[in-house]
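# Structural characterization, general
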Amino acid sequence: MTNANLTIDEMATFCKRKGFITKTGEIYGGFAGFWDYLFLGSELKSNLKKSWWDFHVRHRADVEGIDGAIITHPEVWKASGHVDNFSDVFVTCKKCKKPGKVDKNELGKVNCNCGGEYDVQTAKDFELMFKTNIGEDGFGYLRPETAQMIFTNFKAVFEGARMKLPCGIAQIGKSFRNEIAPRNFLFRCREFEQMEMEYFIKPGQKCPHEIPDIEVLVYSEKDQKTNEGPKKMSLKEAHKNKIIKKDWHAYWLGQGLLWFQSLGAKLDNFRIRQHYKEELAHYSTDTWDIEYNFPFGWKELQGIADREDYDLKQHEKFSKENLKVFDEETKEKFLPHVVCEPSFGVERALLVFLYEAYSVGEKGKIILKLNPKLAPIKAAIFPIVKKPEFENIAEEIFKKLKKKFNVIYDKSGSVGRRYARNDEIGTPFCITIDDETLNNKTVTIRDRNTTEQKRVKIEALRYILEDLIDGEIKFEDL
Ligand code: GAP
């Protein structure tokens, strides 16, 4: 069994062919940077977001969630600095003539993907936020990040939920950026989703949590500037040796990696990279990214910025509202600091899981080894042959399981074909109703990754499936 080295265009073709994702307005030729999630893609995406939310919000006592508006008050973006700073430099390539984007500090230093030089004469500032009309003569912005809704609602949530520092507020939702050159399938889109958290502390407050014991490639600013490669080390070591300066940064980088690991990703393809000074966003004093080794190179999956009190200070200044909190111990009022802002793109995480799962087995058969929690369809139910005595039981099981899981009923083609169809879309379990079922009310359950089969009682199926999906039991222990 080999992991296939699939180009990003081949991955896009696979996703379209199997009913995961397609260009929006495909029948009209598509619309660059916008994608539609189909019957499998929408389930996969919603499972991914649920898993992130469970891991980062539900299972923690110190984090609350919100769901803010998408079309947002213009003043928010003046205060945040996006109106003045959130732009790229638009340039055209001398060779392929295609538009490209560069960061301000990269002008004249980087080339187009085709190898051609960018024409500096064509350079112009390009505002990344989408504006939209409101009513007769008003306007608003489609939010370019979810983070600002967390800042503007900070005090209401902090006080309403009676939170204590250190604590976090999280949000999952759509963001929009008028990217000059959307590319690499889902990697750079104009409409995408973010899973973000702002983690607030008292200035200087130490991290009470243990830094996860994870080894990963660490690429510090110094190693990038001196052209030394990234070095493999544990996050604890990186913090102890002052490569990652703040304990909080090491801790939240670890949480991001642990989440990927909890869904079956191998950390060999991950690294953490520090932003160099010139690259830092206008609000950040230190940023580390989690990057993944895609077929088109190492790319950012998650940025974790130290935003200090930049945003709350700005919103206090622009709104004239008091956003300070009261410290019971010192009896002082102060603005909490955002020591870390773990900010993930849903689409990029989804691409990682597709790459980690895609494998090619015997005779070139594709097997999508998605973690059962992520898999769009949890089980397929088959009568072994098309005869009423098998079909009736299969339909009965399907109806019962459907109330709890996204399962399908499939009776067309040979059982081998049905297995192969389901392996390709990542269905972790196939349940077959056969001769023995008629005698003793048992069915076979087949594991996608090993093709091993076990016989279980129909009455226990629902619980077994639940435990297998949640990882509470292993297939081999059945
Ligand atoms: N609130 C901080 C923030 O938005 P960012 O680095 O601009 O920081 C965070 O974005 C994450 O959002 C990125 O690491 C990436 O995963 C995702 N993201 C940003 N722009 C994207 C785009 N055009 N398409 C897909 N994902 C994007």
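What this report covers is the structure whose coordinates are included nearby. (Residues numbered from 1 in each chain as written. Predicted model: local features only at pLDDT ≥ 70, side-chain atom pairs only at ≥ 80, totals over all residues. Heavy atoms only, no water.)

## Side note on the packing of aromatic side chains
By the definition in use, this model includes 27 aromatic pairs. Relative to F296, the ring of F187 has its centre 5.5 Å away and its plane inclined at 75°; by these criteria the two rings are edge-to-face. Placement of F187 in the loop between β11 (167-176) and β12 (191-201) and of F296 in the loop between β16 (286-294) and β17 (297-306) is noted, with a sequence separation of 109 residues between them. For F187, a relative accessible area of 6% corresponds to the buried category. (Phe/Tyr/Trp six-rings, centres within 6.5 Å; stacked < 30°, edge-to-face > 60°. Helix = DSSP H or I, 4+ residues; strand = E, 2+ residues; numbered from the N terminus. Buried < 20%, exposed > 50% of the residue type's maximum accessible area, 1.4 Å probe, protein only.)

## Concerning the pattern of salt bridges
Once the charged atoms of two side chains with opposite charge are near each other, the side chains can pair. Enumeration according to the criterion identifies 40 salt bridges in this entry. The closest approach of N and O atoms between R60 and D62, which form a salt bridge, is 2.8 Å. By the burial criterion, R60 is buried, and D62 matches it. The partner of E210 in a salt bridge is K236, with the nearest N and O atoms 2.8 Å apart. Here the residue E210 occupies a position in the loop between β12 and β13 (215-219), and K236 occupies one in helix α8 (residues 235-240), the gap between them amounting to 26 residues. Linked through salt bridges whose partners overlap, the residues forming this network are R271, R273, E279, D289 and E291. (Salt bridge = Lys/Arg side-chain N within 4 Å of Asp/Glu carboxyl O.)

## Describing the pairing of strand β6 (residues 87-93)
Counting buried positions along β6 gives 7 out of 7 residues, so the element sits mostly inside the fold. Inspection of the sheet shows β6 paired to strand β7 (residues 99-102) by 4 bridges, in the antiparallel sense. Counterpart to T92 in the pairing with β7 is P99. Counting the residues that bridge the hairpin from β6 to β7 gives 5 residues, and of these K97 lies at a positive phi of roughly 70°. (Pairing = 2+ DSSP bridges.)

## A look at the nonpolar core
In terms of nonpolar packing, the biggest core is built from 73 residues, with M11, W259, F260, F270 and I272 touching the most fellow members. No other element matches helix α11 (residues 346-357), which puts 9 residues into this core. Apart from the residues within four sequence positions on either side, I272 is in contact with V216, L217, V218, Y219, L235, I244, L253, L257, W288, D289 and I290. Core analysis: the next-biggest nonpolar cluster, separate from the first, contains 25 residues, V325, F334, L335 and V338 among them. (Core = buried A, V, L, I, M, F, W, Y, C linked by side-chain atoms within 4.5 Å. Contact = heavy atoms within 4.5 Å.)

## Quick word on the site of the ligand
Taken together, 21 residues sit near the ligand, with E145, R177, C189, E196 and E300 positioned nearest. At 2.5 Å, a side-chain N or O of E300 approaches an oxygen atom of the ligand. Considered on its own, the ligand offers 550 Å² of accessible surface; in the complex 92% of this is hidden by protein. Put simply, the parts of the chain that give the shell around the ligand at least two residues each are β12, β17 and β20 (337-345). (Near = heavy atom within 4 Å. Polar contact = N/O pair within 3.5 Å; in protein donor to acceptor, adjacent residues only side chain to side chain. Areas by Shrake-Rupley, 256 points an atom, 1.4 Å probe, with all protein chains shown as cover.)

## Here's the deal with the side chain of S87
In this structure, S87 sits in strand β6. Classification of S87 by relative accessible area gives buried; the value is 16%. In this structure, S87 is in contact with K104, D125, F126, E127 and L128, ignoring residues within four places of it in sequence.

Purely spatial values, then, with no claim about function.
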